[in-house]
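# Analysis of the macromolecular model
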Amino acid sequence: MLEVILKGHDKFYGVSDVVRMFCGVPEELKDEGKVIAPEGPDLRLINELLDDGRSVTYSDDKAYEYKGELLEPGREIKRSLYMALSDITSKKMPWGCLTGIRPTLVALEEKSPDDLEEKYFVRPDKAKLAYETSREEQRILQLVPEDSLCVYVGIPFCPSRCEYCSFVSSDISCHMDRLINYEAALEREIKLIASSIRRPLAALYVGGGTPTVLQDKEFTSLLNCIYSNLKISPECEVTVEAGRPDTITDGKLEAMKDHGITRICINPQTMRSETLLRVGRKHTAEDVIRIYDQACNMGFNLINMDLIAGLPYEEPEEHIESTRKLIELNPANITVHTLYKKRRAAMSRETVMDKNKTRGTLDECVAESYKLLEEAGYHPYYMYRQKDTGHGLENTGFAKGNTGNLYNVAMMSDCRDVLSFGAGGMSKRCFIQEGELYKHRVERCPTIKDVLTYIERVEEMAEKKIRFFGM
Ligand code: SF4
């Protein structure tokens, strides 16, 4: 068992983050001032923060300390601990000692990818990815005025539950009645808040779940409600997540087209039908192609397609094949996710960390996907990491030309306000902090996750948001 004693600081969270990368799930024993990892090597380390801000990690016979430029204390302690664990286990992580969900924020502080390699031990390909993406994110963020508002409309229902899913989403096969009542409550919330909004809307995202799980009538009604109550100018980017092809109908495509919506997501996750069916999705790769072609023929010219690398029941090479197939379809955006395990997913951590998909193979397969995408003219425009990717990788959105999604960038940036309608949504206000160019102070206002309670208390939710935004 690995034991890390904290000395001169109480940054348990940072220590746990680094330990998790090397030794599996850690445990924080705050009373004893240490973090342990039962799956780690039999070893005791002392992670010290000195008065002058430097950090040293001691093993029985060695002291690990970075000799170059000093970082802020939270990063210093992670860096010295990373140096120790990397040396002891002979492992290097793709993102070095960066553990946060937004490596592009760190990249913005640096003058070149080399700085990320040198100061944080980030591997060259990831350093280049973070550096280039950070600049593209900033370019896109400039298109979202600071005083504008981004809006999210959430429909937390799906036609069936994907085995790897961790979202709060109800399967309509058991909850059809709730879906109808939910849609009505959602319209009510939009109407209650809409007249109080005084700010221009820069981007609106209808997401889920799977919004197109609504029947044609309710789906059309929701779009009508959005467009007749919210002031959506021609400049406002509108995206509808039409995620699952088995929910997309002519009626829904026509309803979107009638409102001038041309940006949608059709998310196959993989183009291998056998995997799709085994993870619980009720459609095939052929359905994806059919719906994609239909949407293109109807004029939807800004389509995003998501892929997940590391899905169970398929080999890494099959993910690369899926990337090739999507490139052939030529959508404007392709987002490559790496499978990760969250608490609510049916899939076990062991499945996610399948021995056949060791860090090496998944890492190589993601790198190959990126290479194919870049060769096909796509460039990364936003990226983030998730806490428990297990494999330590990231999710990256690729775009052709200037088609990157404003909402994705603005929402992830934590620098633009987001008003969220629907159960489980998170509204946020972002305040500029003196001396901080890229990091804002964020205040959040959550909405009840439980669908039935949301339906019952929608007025209260609306009032809470009106107060939160000071409207
Ligand atoms: S479609 Fe998306 S939100 Fe719905 S169950 Fe699958 S992964 Fe979860």
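Scroll up to find the structure this text is about.
I will try to describe carefully the structure that is included in this document. (Residues numbered from 1 in each chain as written. Predicted model: local features only at pLDDT ≥ 70, side-chain atom pairs only at ≥ 80, totals over all residues. Heavy atoms only, no water.)

### Notes on the overall build of the protein
How we decide: By the criteria applied, helices consist of DSSP H or I runs no shorter than four residues and strands consist of E runs no shorter than two, each listed in order from the N terminus. Radius of gyration: C-alpha atoms only; globule rule: 2.2 Å multiplied by the number of residues to the exponent 0.38. Under this rule, positive means Lys or Arg and negative means Asp or Glu; His and the chain ends count for nothing. Working definition for charges: the position is that of NZ of Lys, CZ of Arg, CG of Asp or CD of Glu.
When its secondary structure is counted, the protein shows 16 helices and 19 strands. In terms of overall dimensions, the protein is globule-like: its C-alpha atoms have a radius of gyration of 23 Å, near the 23 Å expected for 471 residues. Once the C-alpha set of the protein is aligned to its principal axes, its extents read approximately 70 × 50 × 40 Å. Distance between charge centroids for the protein: 2 Å, based on 64 positive and 76 negative side chains.

### What about the sheet that holds strand S2 (residues 27–29)?
We count it as follows: Note on pairing: DSSP must find at least two bridges between two strands before they are called paired. Contacts were defined at the residue level, with two residues in contact if any of their heavy atoms lie within 4.5 Å. Structural elements are reduced to axes, namely lines fitted to C-alpha atoms, with helices fitted over the stretch in contact, and the angle between N-to-C directions of any two is expressed from 0 to 180 degrees.
Pairing is mixed in the open sheet, where 6 strands are placed in the order S2-S3-S1-S4-S5-S6. Edge positions in the open sheet fall to S2 and strand S6 (63–64), since each of these has one partner strand only. Most of the contacts of helix H1 (residues 12–23) go to strand S3 (residues 34–37), to which it runs at about 15°, and overall it touches strand S1 (2–7), S2, S3 and strand S4 (43–49).

### Some details on the site of the ligand
Operational definition: Only a single heavy atom is needed: when it lies within 4 Å of a molecule or strand, its residue is near that molecule or strand. Polar here means any residue other than Ala, Val, Leu, Ile, Met, Phe, Trp, Tyr, Cys and Pro, which are nonpolar, and Asp, Glu, Lys and Arg, which are charged; Gly is therefore polar.
In the neighbourhood of the ligand, the contacting residues comprise Cys158, Ser160, Arg161, Cys162, Tyr164, Cys165, Phe167, Gly209, Thr210, Arg244 and Arg281. When its residues are assigned to classes, the shell around the ligand shows 5 nonpolar, 3 polar and 3 charged.

### Quick look at helix H10 (residues 285–297)
An α-helical turn contains 3.6 residues, so a residue and the one three or four places further along point in the same direction. Selection criterion: Expected helix span is taken as 1.5 Å per residue step, with the number of steps being one fewer than the number of residues. The cut-offs for exposure are 20% and 50% of the maximum accessible area for each residue type, with area from a 1.4 Å probe on protein chains only; residues under the lower value are buried, those over the upper are exposed, and the others partly exposed. The arc in question is the one spanned by the directions pointing from the helix axis to the C-beta atoms.
Over its 13 residues, H10 extends 19 Å from the first C-alpha to the last, a length consistent with the 18 Å expected when each residue adds 1.5 Å. Along H10, the positions that sit buried rather than exposed are Ala285, Val288, Ile291, Tyr292 and Ala295. One side of H10 carries all its buried residues, which in axial view fall inside an arc of 125°. In H10, the exposed positions that point more than 90 degrees away from the buried face belong to Glu286 and Asn297.

### A word on the nonpolar core
The condition is simple: Only buried Ala, Val, Leu, Ile, Met, Phe, Trp, Tyr and Cys residues count toward a nonpolar core, and they belong to the same one when joined by side-chain atoms within 4.5 Å. As annotated, the domain borders come from an automatic or database domain assignment.
Counting 111 residues, the largest nonpolar core has Val19, Ile155 and Leu230 as its most contacted members. With 8 residues, the single largest contributor to this core is helix H6 (residues 172–194). Taken domain by domain, the makeup of this core includes at least three residues from each of domain 1 (1–91) and domain 2 (143–460). Excluding anything up to four places from it in sequence, Ile155 contacts Leu179, Tyr182, Leu186, Val206, Gly207, Gly208, Gly209, Thr210, Pro211, Val213, Leu214 and Leu222. Listed in part, the 20 residues of the second largest apolar core include Tyr152, Tyr205, Ala399 and Tyr407.

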